[in-house]
Each structure stands twice: as structure tokens, then as C-alpha cells.
Amino acid sequence: MRIREHPILRFKERSKIAFTFDGRTLYGEAGDTIAGALHANGVKELSRSLHLHRPRGFYCAIGNCASCHMTVDGEANVRTCITPLKAGMVVKTQQGKGRVDGY
Amino acid sequence: MGTEEAVVIGAGPAGLFAAYELLLAGADVTLIDRAAQAGGQLVKQTHKFFGSKEHYASIRGIDIRHRLEHALEKNGDGRLRTLYSTTVAGFYADGALACVKAERYYRLHPEVVVVATGASERTVAFAGNDLPGVYAAGAVQTLMNEQGIRPGNRALMVGSGNIGLIVAYQLMQAGIQVERVVEAADEIGGYQVHASKLRRLGVPIETKTTIKRAFGTNQVEGAEIWRLDAKGEGIAGSEERLTVDTVCLAVGLSPLVELLSQLSVDTRFIPEFGGVAPVLDETYMTSRPGVFACGDVANVEEASTAMVEGRLAGIHAAGYLNRQIPRRKEKIQALETSLRTLRSGPASEHVRKGLRKVGEHA
Amino acid sequence: MLKETGVAEPRMIRSVFPDSRVLVKPKAIIECYEAIPCDPCETACPTGAIEVGADINARPVLDVDACTGCRRCVTACPGLAIFVVSIQEDKAVFTVPYEMLPLPEEGALVNVADRCGQPIGTGEVRKVRKHADRTASITFATDKGLLYEAVTVVVDDG
Ligand SMILES: Cc1cc2nc3c(=O)[nH]c(=O)nc-3n(C[C@H](O)[C@H](O)[C@H](O)COP(=O)(O)OP(=O)(O)OC[C@H]3O[C@@H](n4cnc5c(N)ncnc54)[C@H](O)[C@@H]3O)c2cc1C
Ligand code: SF4
Ligand code: SF4
Ligand code: FES
């Protein structure tokens, strides 16, 4: 899902970064946001709605709407659409509002 | 006396130009944006802009941004402080601003504030509009034009204003097939030239048509569109199923007035601007002395007009600080004329209407 | 209707073409049918052949005699609304703006498409020019009979 050739823009291949998503090891690229890296791996479902547990993806991509909240390195409610990916991050789908201990 | 002389919130075209004029007038300026870089909407705009030479016409948004930044640096003279990746979260009655950067809070207390926060994207109600794969048009732009990642392979665009048409074109450029552009109104909302260049790529645009629902188990697997009757109601039996994995909503913008609302400045609901907009006097000042607003947060329009408004707001804010500006009157007159010309055409009818409404109230 | 479909009607298309006898030399065809605040076509033209005038919302007007067919306006127009065309024997030779990938190869036989993107015939790619501002232009020759219909090429990304 990465754009390698574009008529207007240049996207250089950047160094690979490993992280885990719900226990699976995935790879992103340096400079990705967490949500971007998940997208590039075909993962669009980032969270579940509070009451009906409907799947949620990201909507605004600029940190406005909360639909991309995930648990990252034990911290809940991280806005993954604007948070840069770092090597070794442990990213989890968040159930419900997220507790202080991250689960 | 505040701790800062001038704070500009938002580093889009309006904020950048407000900062530029304040710097020219000799003021110390703090420019804040929640994004990691300056440019606002410009950083996602890969197409060439309209307008005239003075508005950077025929130059792509992504390139205009670099020119503006360069101009700022040149005139900064050590008096410009930029705070990026910083969100202004609070605007208090005493005029103080609460800023958040990397989970830490900062307090600023400026003498003048120029609010240039732009607009936020609206959404629209339909079944399945919360499924992963339904995005605001701007989010799709961020993903593909900033991060180089495709949202999917086949898309439906809802809305045929300039943003819908341009983002549909950009989707095609990124290798995503746009199956259809649907528009609820009788006519295409955006410029004819944008519509024509999309049609030339084989993308159908259907008016009097909208999305009925998006479906899929864990993400969008398809969408159903249907035609609308004269009353705007969906016509039973006219449904058509499209196999798409991406639904992109470009159904309008609303001014991002949250900060101004916290200050309780006078605002007014202006349907032409997609929501509540601050009431401004002829110096771009809100009902709160020393607080100015310009660009999309004041009236949802274009980068070209946002730049001119930004300059005017910057000049007036400098005036409020008693900063001397050479040939001030001529400068203001020239900028106002430029704005009037930009807005004089039929494409700006709604803007003129909206501005009249704001004016009636002021 | 143009405002409902985004596709100009034949009558409108004819109105922006000069008499076909003039087209022995390449001339700009400006398909900018709506009054919008825009004028870089005027700024770009080295011979002053395009006039928008003091009111930036006015539609551009071409002085056909002053147009040398230099193609500068083709890539300057942000609306990609201008192409240059000439008639050479039984061929209509178009130079159109192009912002997609892949670009066709020079000499390739390609499908030629109309204003709805539908293939209507074939054409030979004569020249592909890349520009620093990343809007390319493609010169192709097709059947003279497609003068009022052809506007672009369809390149297979195979
Ligand atoms: C798809 C698309 C195509 C367009 N095409 C054109 C075109 O061809 N020609 C044209 O003239 N115009 C075009 N526009 C419109 C143009 O981009 C906008 O009108 C213009 O960017 C408005 O400028 P602005 O500075 O008011 O707001 P913005 O550019 O939106 O900038 C606002 C800035 O404020 C920041 N901000 C908001 N809230 C806060 C906060 N609380 N704290 C800190 N920072 C904050 C944001 O991060 C942002 O950087 C287009 C817009 C879109 C979406
Ligand atoms: S082709 Fe050249 S001379 Fe003719 S209108 Fe365009 S820029 Fe002017
Ligand atoms: S530059 Fe293109 S879109 Fe702008 S006025 Fe000229 S022909 Fe029309
Ligand atoms: S997608 Fe809206 S906050 Fe992340």
C-alpha cells in the first residue's frame, strides 16, 4: 500500500522499523506515524467503539477526532494518527476507554 | 503587559502572512502550530493554485509553503519564535493561552493574538459512516500526499466541491481508482476546470446522488449510492452498489472557532461558511480587543484570500501594538482592493453573502 | 449541461476553436468556460495572446493571430484547461498537459480519449516533455476527424 512512484511527489524508501501489533511483528518505515505504518500493512481497524464495539479506523488524520486511539507501550488513548512510530513499540487494539495500566 | 508581544495561532497561509507583517512592523512574534511543520492545508496540496501571481498562482501548494517559510525567515531577524507540534488548548478570560507540547503545558500571556486556526472537515450521516475505510478528504490527503501510503485501491468520493474534485484527482494520481464522485446538489460544486480534468480520466461525476450506506464486516467492502428527488429524499429502487474499499467525504468545512468560543467573543452562524464564525470589525479584530482572526477560521474560502486576510490582520495587529508601518494606508488599500477583486466573481457569490451576514451583525 | 456533467457540449467546444484553416499553425485552445479568480495563463504567455484583464474573474480571451503555439500556457494553467492543436495533412496534432504515471513512450501507439475519458481512436505519441514543475506535456497525432473530440491519451500501466 506504499506509493513508490508518483507524478508529483517523491517518496524515498526509508529505513525499516519493527514494531508489534497485537502480538504480531510488523514493519514500518522511519518517518511513519503509527496509524500510517498499520495502514501500509493493510491494518485499517484501529479501535472499537465504546458501546457497540463497532470497528473504528482513522478519520481525520490530524489528531482531532479520537477515532484512532490505541494502547501504545502500555499507555492508553494514544492518537496514533499523529504519533511517530518508534522501533520496538508495542501497539495494541484498545477495548473500551482504556485504563491507566493500559488495558 | 503580556509576557509575549504577539502570538499567531496556526501556521497556514493566513497565520504565516499575519506573522510576516507583524515581523515587518518590528514586533516579536511567536508562531504556534500543532503540526510538526508550517503550511497548514498547503502541505497536502500537490496541485497548482489559482489566483494571480501575487497569490502564487500556478505554483503547487507544497511549493508555496516553502516560499512562505523562506520569506518569514528572511524577515524574522531573530524576532520570530516558532512552536510547532504545539497545540493551543485553552484561551482564558484573562487573555492567557495554554499550550501543550509533548504532554507538557505552557502558559503564554500575549498582548495581541491572531487566531488563524483554519477549518475542520464536516461529516455526513449514513449507515456505516464509522467503518474503517471511511475518511475525511483531508485525512486521505495526509495519508497519501504526506506519508506516501495508499488508503485503498478503489474509492468513492462524496462531494463535488473543489476539495472533492481535487482529492479525487489526487487519488487517481496516487494510483487509486475513483469509481464515482457523487454530489447531492443539482450541480457540480467546484470549478468546471477541475471537474473536466477528472472526467477526462474517465471518472464519472453524478449529481442529485448521494451515499446511502457503506458496508463491510471490519472495514469498508462496498458502498451503496442512490439518486435524490427534488426534495432531496432518496429514491427507492435507484440504489447502485459499488465495490470500493475507501469512502472519502468532502462535504464541507466548518471554521475551527473552539478557541475563540472559549473567550466568548461574538460569533454568528453563517451557513455560507459552514458553521459558526467570529464577528470581526474592519480591522479583523474580534469583539475582544487585541484578538484578531483571519483565514478559514473567519470565513471558509481559499488560500489566496487567506493570505491577503492574514496580511491585513497582521498589519492591524501591529497597529494595535502601536507599531509604525511605512505607507500603512496605501498598503491596506491595495490589499483590500486585491481581496475585493478576488471575491468579485460568480464563484464567490456565497462568500459575499456570508460576509454581508457577518457585517450586518458587526 | 457542463455544470452537471463536467463535460463541455459540442457547441461550447466549437466556440473556443478558431476556424480550422487557421490551424495549419499550432494554436492554443482554452477550455476555461467559467468565470473563476485565476489568470496565470495570461502571465505565462510571452506574446500577450491571452487576456484576462483587470478583473481576475473574467474568462481568458485568446488573440489567435498573436498565438505562436509555444505551449507555455499548456503547463502553466492550474486547471489543465489549455491544449495546443494544429492540423497537419490528415492528422490533428495535439499537445496536452499530463500529470499521471506512467508517461507514454515517444513513438508509441496509444488510445486517444474524449472529454469523458472514453477511447475514441488511436494516436501516435510524437513527443513527451517533462517540466521542472512536474506537469508533463504530450504531443500526439491522431485522425483529423477527431479534432473536436480528442483531448488526452490513455496509457496502459502494464
Ligand atoms: C483539498 C483542498 C484543495 C484546496 N485547493 C485550493 C486552491 O487550489 N487554491 C486556493 O486558493 N485554496 C485552496 N484550498 C483552500 C486553502 O487550502 C485554505 O483556504 C487555506 O489553507 C486556509 O488557510 P488558513 O491559514 O486559514 O488555514 P489552514 O491552512 O487550515 O491552517 C490552519 C493551521 O492552524 C493549525 N491549528 C488549528 N488549531 C490549532 C490549535 N488549537 N493549536 C495550534 N495550531 C492549530 C492547523 O494545524 C493548521 O496548520 C484547498 C483546500 C483543500 C482542503
Ligand atoms: S501557446 Fe504560447 S503564444 Fe499561444 S497562447 Fe499559449 S503561451 Fe501564448
Ligand atoms: S490559467 Fe487556466 S484555469 Fe486559470 S483562467 Fe487561465 S485558462 Fe482558466
Ligand atoms: S484519526 Fe482523528 S484523531 Fe487520529
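Thresholds applied
Residues numbered from 1 in each chain as written. Chains lettered and ligands numbered in written order. Predicted model: local features only at pLDDT ≥ 70, side-chain atom pairs only at ≥ 80, totals over all residues. Heavy atoms only, no water. Helix = DSSP H or I, 4+ residues; strand = E, 2+ residues; numbered from the N terminus. Rg over C-alpha atoms; globule rule 2.2 N^0.38 Å. Buried < 20%, exposed > 50% of the residue type's maximum accessible area, 1.4 Å probe, protein only. Contact = heavy atoms within 4.5 Å. Areas by Shrake-Rupley, 256 points an atom, 1.4 Å probe, with all protein chains shown as cover. Lys, Arg positive; Asp, Glu negative; His and termini not counted. Charge placed at Lys NZ, Arg CZ, Asp CG, Glu CD. Near = heavy atom within 4 Å. Nonpolar A, V, L, I, M, F, W, Y, C, P; charged D, E, K, R; others polar. Buried area = accessible area lost by both parts, 1.4 Å probe. Salt bridge = Lys/Arg side-chain N within 4 Å of Asp/Glu carboxyl O. Polar contact = N/O pair within 3.5 Å; in protein donor to acceptor, adjacent residues only side chain to side chain. Domains from an automatic or database assignment.

### Let's talk about the overall build of chain B
Helix and strand content of chain B: nine helices and 20 strands. Scaling as 2.2 N^0.38, a compact globule of 362 residues should have a C-alpha radius of gyration of about 21 Å, and chain B matches this with 21 Å. Along the first, second and third principal axes, the C-alpha set of chain B runs to 65 × 45 × 35 Å. For chain B, buried positions account for 61% of its 362 residues. The long-range share in chain B, meaning contacts at least 24 apart out of those at least 6 apart in sequence, stands at 61%. Carbon and sulfur atoms make up 48% of the accessible area of chain B, which totals about 14,000 Å². Charge centroids of chain B, computed over 40 positive and 41 negative side chains, lie 4 Å from each other.

### Considerations on the site of ligand 3
Contacts to ligand 3 come from Phe50(B), Ile30(C), Cys32(C), Cys38(C), Pro40(C), Cys41(C), Pro60(C), Cys77(C), Pro78(C) and Ile82(C). Considering only residue class, the shell around ligand 3 consists of 10 nonpolar, no polar and no charged.

### Examining the interface of chain C and chain B
Listed as interface residues are 39 residues of chain C and, on the opposing side, 37 residues of chain B. Together, the buried faces of chain C and chain B total about 3,100 Å²; carbon and sulfur atoms form 52% of this surface. For chain C, the biggest contributors to the area lost against chain B are Lys3(C), Pro78(C) and Met100(C); these three give 19% of the whole. Counting across the chain C and chain B interface gives three salt bridges. Arg60(B) is paired through a salt bridge with Glu99(C); the nearest N and O atoms lie 3.4 Å apart. On the surface where chain C and chain B come into contact, there are 23 residue pairs in polar contact (both at pLDDT 80 or more).

### Overview of the site of ligand 1
Residues and elements named next belong to chain B. Around ligand 1, the surrounding shell holds 32 residues, and the nearest of these are Ala14, Asp33, Gln41, Asp296 and Ala303. A distance of 2.9 Å is found between an oxygen atom of ligand 1 and a side-chain nitrogen or oxygen belonging to His47. Of all elements in the fold, only α1 (13–24), β4 (86–91), α4 (162–173) and α7 (303–320) reach the threshold of two or more residues within the shell around ligand 1. Each of two domains, domain 1 (3–120 + 253–357) and domain 2 (123–249), supplies a minimum of three residues to the shell around ligand 1.

### Topic: the domain arrangement of chain B
Residues and elements named next belong to chain B. Annotation of chain B at the domain level lists domain 1 (3–120 + 253–357) and domain 2 (123–249). Here the C-alpha centroids of domain 1 and domain 2 sit 31 Å apart. Residue-level contacts link 10 residues of domain 1 with 12 residues of domain 2. Counting the surface lost from both domain 1 and domain 2, the interface buries some 900 Å², and carbon and sulfur atoms represent 55% of this. Of all residues in domain 1, Lys44, His47 and Phe50 bury the most surface against domain 2, accounting for 53% of the area lost on that side. Run the count over domain 1 and domain 2 and you get zero salt bridges. At the junction of domain 1 and domain 2, the tally comes to six residue pairs in polar contact (both at pLDDT 80 or more).

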